[in-house]
Amino acid sequence: MRVARRMLAHELRALASLGYWVLGRRHGVGPGQVAIPYHAGGSITLWMFLFAIVVEGVALELWLGWPILTVAHVYFVLANLGMIAAARSRPHVVGEHEVRLRQGAAFDLRVPRELIVSARAASRIHDSGFVTLAEGRLELVVDSRTNLVLELSEPVTVVRPLGRTGEASSIRVFADDPREFLRTLSIPAPPARHGSDRREKS
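Throughout this description, residue numbers start from 1 for each chain and increase along the sequence as written. Only residues with pLDDT of at least 70 get local features here, since the model is predicted, and only at 80 or more are side-chain atom pairs given and counted; chain-wide, interface and lining totals rely on the full set of residues. Processing note: side-chain calculations cover all non-hydrogen atoms of the structure and skip hydrogens and water entirely.

**Student:** How should the sheet that holds strand S2 (residues 92-94) be read in this particular structure?
**Tutor:** Note: strands within a sheet are paired through backbone hydrogen bonds, in either parallel or antiparallel orientation. By definition, two strands form a pair when at least two bridges between them are found by DSSP. Secondary structure is summarised from DSSP: a helix means a run of H or I of at least four residues, a strand means a run of E of at least two, and numbering begins at the N terminus for each. If you walk across this open sheet you meet the four strands as S1-S2-S3-S4, and the pairing is antiparallel. Pairing within the sheet leaves two strands with one partner each, and these edge strands are strand S1 (34-36) and strand S4 (107-112). For this sheet, the mean angle separating the axes of adjacent strands, direction not counted, is 20 degrees. Direction of pairing for strand S3 (residues 98-103) relative to S4: antiparallel, over a ladder of six bridges. Paired with Arg-100 across the strands is Arg-110, a residue of S4. Most of the contacts of helix H4 (residues 178-185) go to S1, to which it runs at about 150 degrees, and overall it touches S1, S2 and S3. With axes taken as lines fitted to C-alpha atoms, and helix axes fitted only over the stretch in contact, angles between N-to-C directions fall between 0 and 180 degrees. Contacts are assigned to residue pairs with any non-hydrogen atoms lying within 4.5 Å of each other.

Printed below as a string of structure tokens:
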């Protein structure tokens, strides 16, 4: 039951994000805070999925003509649009005291800035889910990719989308412009280590 409630809450937040998207607003970005988008890569996949839903839905409605199919089709279209809107209207946020890392409407983590001891560009391809936590490492994956690593001085508590909790002291995340993210954090970053990071165990 708890999992069902959390999934419903995710869906409602995603649908609410449609309003932010239509109005051109960003959720949770206050004065003096910097929004860091991460939706460029993942949006392509979501738009392709939306196109497939529309085509399949229209074909089934023309073939069968069942009203229940029309209702389900409209719901799935809105739900997918909500996912796209959530990714666009709920960016990562860098503020004076904290960094807010998000994954659409399903995940939201606040990290105190004083805990971030290093940050670097580090590209990696992933074959895991979009939010994973194992051995103290959190991965927020967009379109099978991350391109930044944040190392913390002490672990933070992470609540995963379905409610399970854990701790992370290393965070891999994706940003459309990783250089802007690093510049906003104002943390000296060593050169990206693309080759070595790809060889690390996922």
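**Student:** How should H4 be read in this particular structure?
**Tutor:** Two residues of an α-helix separated by three or four positions point the same way, owing to the 3.6 residues in each turn. Of all the positions in H4, only Pro-178, Phe-181, Leu-182, Thr-184 and Leu-185 are classed as buried. Take H4 and look down its axis: the buried residues cluster within an arc of 160 degrees, on one side only. Summarising the geometry of H4, the exposed residues directed more than 90 degrees from the buried face are Arg-179 and Arg-183. Here the buried face of H4 lies against S1, S2, S3, strand S5 (116-125), strand S8 (145-159) and strand S9 (165-173). A simple rule labels every residue: compare its accessible area, found with a 1.4 Å probe on the protein chains alone, to the largest value its type can have, and call it buried under 20%, exposed over 50%, or partly exposed in between. Think of it as the arc spanned by the lines of direction from the helix axis to the C-beta atoms.

**Student:** Would you mind showing me how to read the pairing of S3 here?
**Tutor:** Walk down a regular strand and you will see the side chains alternate between the two sheet faces. Summarising burial for S3: five of the six residues are buried, a large majority. Two strands pair when backbone bridges link them, and S2 and S3 are joined in this way by two bridges, in the antiparallel orientation. Within the sheet, the bridge partner assigned to Val-93 lies in S3 and is Arg-100. Hairpin geometry of S2 and S3 is characterised by an intervening segment of three residues between the two adjacent antiparallel strands.

In short, geometric facts, not functional conclusions.
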